Amino acid sequence: MTTVHTLASGSSGNAALLSCDGASFLIDAGISCRRITAALKALSLSPAELDAIFITHTHSDHISGMGTLLKKTACPIFATARACRELRYRLTDIDARLMAIDCPTRLLGVSVTPIPPAPAAGGSTRRMAASASLRTPAMLPMKRWTCCRGWTLPS
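Because the structure is a prediction, the values reported are computed rather than measured. (Residues numbered from 1 in each chain as written. Predicted model: local features only at pLDDT ≥ 70, side-chain atom pairs only at ≥ 80, totals over all residues. Heavy atoms only, no water.)

A. Summary view of the packing of aromatic side chains. Evaluation of the coordinates by the stated rule reveals 2 aromatic pairs. An angle of 45° between the planes, with centres 5.5 Å apart, marks the rings of F25 and F54 as tilted. You can see F25 sitting in strand 3 (residues 23-27) and its partner F54 sitting in strand 4 (residues 52-54), a full 29 residues away along the chain. Just as F25 is buried, F54 falls in that class too. Following the ring pairs from residue to residue traces out a cluster consisting of F25, F54 and F78. (Phe/Tyr/Trp six-rings, centres within 6.5 Å; stacked < 30°, edge-to-face > 60°. Helix = DSSP H or I, 4+ residues; strand = E, 2+ residues; numbered from the N terminus. Buried < 20%, exposed > 50% of the residue type's maximum accessible area, 1.4 Å probe, protein only.)

What follows is the structure in structure tokens.
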């Protein structure tokens, strides 16, 4: 079963948890590590149990909690190549765990695709999108959620 829990959404910070077939992925870390840890605890998880972190883009409302969160988890961090360069510039001790994704990729049952920005964004960043099947890809059509500005779950 796939679930998406919005931990925070808005200009003051964005973070969500995608759980799929036993894997747990944090999407963005735009709130404090303390808030992320508390939200994960409410879902019976800890930062150490995360399988990966996906960074959609490097605006502060999507990465402000990363510095401290890096000390609480050893999981890999995925972002576009451009976002990886920006993260390396902004955060220390991230390089060994940072992995660039610039083409569709499948990780632990989740399809991850970098998408170009909306025209209003001025072409300044590429963002990440992910999709996961609600049961198994062979049984059901893919249901998708996307993060660019807020979270959308199609019906």
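B. Highlighting the nonpolar core. If you look at the biggest cluster of nonpolar residues, it comprises 28 residues, and the most contacted ones within it are I53 and M66. Mapped by element, the contributors of at least two residues to this core are strand 1 (2-8), strand 2 (15-20), helix 1 (33-42), helix 3 (66-69), strand 5 (77-79) and helix 4 (81-90). The element that contributes the greatest number of residues to this core is helix 1, accounting for 4 residues. Beyond its immediate chain neighbours, meaning those up to four positions away, M66 contacts A29, I53, I55, I77, L91 and I94. (Core = buried A, V, L, I, M, F, W, Y, C linked by side-chain atoms within 4.5 Å. Contact = heavy atoms within 4.5 Å.)

C. Structural view of the side chain of R97. Along the chain, the position of R97 falls in the loop between helix 4 and strand 6 (98-100). Within the buried core, R97 has no salt-bridge partner, and the shortest N-O distance to an opposite charge, that of D93, equals 8.4 Å. A distance of 3.1 Å separates a polar atom in the side chain of R97 from the backbone oxygen of L70. A polar side-chain atom of R97 sits 3.1 Å from the main-chain carbonyl oxygen of C75. Look past the residues within four positions of R97 in its chain and what remains in contact with it is L70, T73, A74, C75, P76 and I77. (Lys, Arg positive; Asp, Glu negative; His and termini not counted. Salt bridge = Lys/Arg side-chain N within 4 Å of Asp/Glu carboxyl O. Polar contact = N/O pair within 3.5 Å; in protein donor to acceptor, adjacent residues only side chain to side chain.)

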